[in-house]
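Working through the structure, step by step
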Amino acid sequence: MIHRLPTGDVKEEWSGISAGELRDLLEGLRRSEFCGYVELRWPDCEGALILSGEGKVFAVFQADAVDLRGPEALRHIVGRAGRVHPRARVVALPHTLGPLLGSLSELQPLHTGLHTRFVDLERLTARLVRERFSGMVVLEGEGWWAFLPFEEEGNGAVYYDGATVMGRDPRELVESLVGVGAQIEVWVSPPPAPRPVEFEAPAEAREETVAPEEDSHAAPRPQEAQAAAPAAPEPFSGEPGPGWQAYQGSETFVVLPALAAEAAEGAPLLELRDRFGEVAVELARRLDGTRTLEEVRAELGRSCAELEPILLYLQQRKWMARYFRRRGPPR
């Protein structure tokens, strides 16, 4: 979502902002009923704090393995800013856009990478209406944005070109955009209930394999978790961060040969030690596919917050893979 935020009037910029400065900035903007967003960028991730102009603050945080929203995203942003000061800028927007962006920050991407060259916008919106779709369609053209909310309240659509804001009837706006080149994204309201756990075949019907990390939100596999952890691990030392929870969906990880965790003088290992200290090396040596992340954390005696940025970095550098069991041939 962050790259889809519209441009506006840049009020302030920082080459690095601390967590304390960020809190003070956010509180001041909130009290002044500021409408816009605070864009935050780190070398490996980014975040945005969206202010609706009504005193409300919405947050999103994105990294390779993590896509957070709401209070979890806000806590993660402040925690990350305390460790590494991000670049920041404050962008003011017309008050009409504030509630729309606030609503968008609570939605989930359903379709991205679409374009009006390949998608009939009129047919798409008509189908969403028929299906009683709940969410929002966002269009981005050359220097303009259009927001088409699909809600029971029937809120109007908004067109914004960086200077002018126009509230329109959704059908009229769509008709005016037919034939105009624009990227399309469809955002959907999250489901009200969690997905059920997917159970797998017995362990003897599977074979072991290693695959690159692809889906950090995959549902846990209870039988494998029991086999890998015959004894209950020690309790959490501190609250797990939302990024840690994202990694928990896969029980075990392994480091790939590129890291060469056993080679004391290897360049990747030296890079890891220089960036995070000896704890990162010890973490890498324990990612051998035999332990869950919580077991590794317990062995190291470290908090989730300490290990989470190391895991993010390992995945970004493609030095870590998810270890899972694949179903064997049917008997």
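Owing to the predicted nature of the structure, the values given are computational and were not obtained by experimental measurement.

Some thoughts on the sheet that holds strand S10 (residues 157–160)
Spatially, S7-S12-S8-S9-S10-S11 is the arrangement adopted by the 6 strands of the open sheet, whose pairing is antiparallel. Edge strands, defined here as strands with exactly one partner in the open sheet, are strand S7 (108–115) and strand S11 (165–168). Strand-to-strand twist across the sheet, computed as the mean angle between neighbouring axes with direction ignored, equals 15°. Note: strand S8 (residues 135–140) against strand S9 (residues 145–150), 6 bridges, orientation antiparallel.

Concerning the sheet that holds strand S3 (residues 46–52)
With respect to topology, 6 strands assemble into an open sheet ordered S1-S6-S2-S3-S4-S5, the strand pairing being antiparallel. Among the strands making up the open sheet, the edge pair consists of strand S1 (9–14) and strand S5 (67–69). When strand polarity is set aside, the average angle formed by the axes of neighbouring strands in this sheet is 15°. Across 6 bridges, strand S2 (residues 35–41) lies against strand S6 (residues 87–92) in antiparallel orientation. Residue Gly-36 lies in a different strand from S6, and its bridge partner there is Ala-92. Against the sheet, helix H1 (residues 19–31) makes contact with S1, S2, S3, strand S4 (57–62) and S6, and its axis sits at roughly 25° relative to S3, the strand it touches most. Contacting S2, S3, S4 and S5, helix H2 (residues 71–83) crosses the sheet at an angle of about 65° to S4.

Focus on the nonpolar core
Judged by nonpolar contacts, the single largest core of 26 residues is most densely connected at Leu-22, Val-38, Leu-40, Leu-49, Phe-61 and Ile-77. Broken down by secondary-structure element, the contributors of at least two residues to this core are H1, S2, S3, S4, H2 and S6. For this core, the leading source of residues is H1, giving 5 residues. Apart from the residues lying within four places of it in its own chain, the contact partners of Phe-61 are Trp-42, Cys-45, Glu-46, Gly-47, Val-66, Asp-67, Leu-68, Ala-73, His-76, Ile-77 and Arg-80. If you look at the next biggest cluster of nonpolar residues, it comprises 20 residues, including Ile-50, Phe-58, Leu-104 and Phe-147.

As for the pairing of S10
In S10, alternate side chains face the same way, and those of Ala-157 and Tyr-159 on one face and Val-158 and Tyr-160 on the other are all buried. By the bridge criterion, 3 bridges tie S9 to S10 in an arrangement that is antiparallel. Bridge pairing in S10 places Phe-147 opposite Val-158. Pairing analysis gives 4 bridges linking S10 to S11, with the strands arranged antiparallel. In the sheet register, Ala-157 faces S11, and the bridge partner there is Arg-168. Counting the residues that bridge the hairpin from S10 to S11 gives 4 residues, and of these Gly-162 lies at a positive phi of roughly 95°.

Conventions adopted
Residues numbered from 1 in each chain as written. Predicted model: local features only at pLDDT ≥ 70, side-chain atom pairs only at ≥ 80, totals over all residues. Heavy atoms only, no water. Pairing = 2+ DSSP bridges. Helix = DSSP H or I, 4+ residues; strand = E, 2+ residues; numbered from the N terminus. Axes fitted to C-alpha atoms, helices over the stretch in contact; angles between N-to-C directions. Contact = heavy atoms within 4.5 Å. Core = buried A, V, L, I, M, F, W, Y, C linked by side-chain atoms within 4.5 Å. Buried < 20%, exposed > 50% of the residue type's maximum accessible area, 1.4 Å probe, protein only.

So yeah, pure geometry; function would need other evidence.
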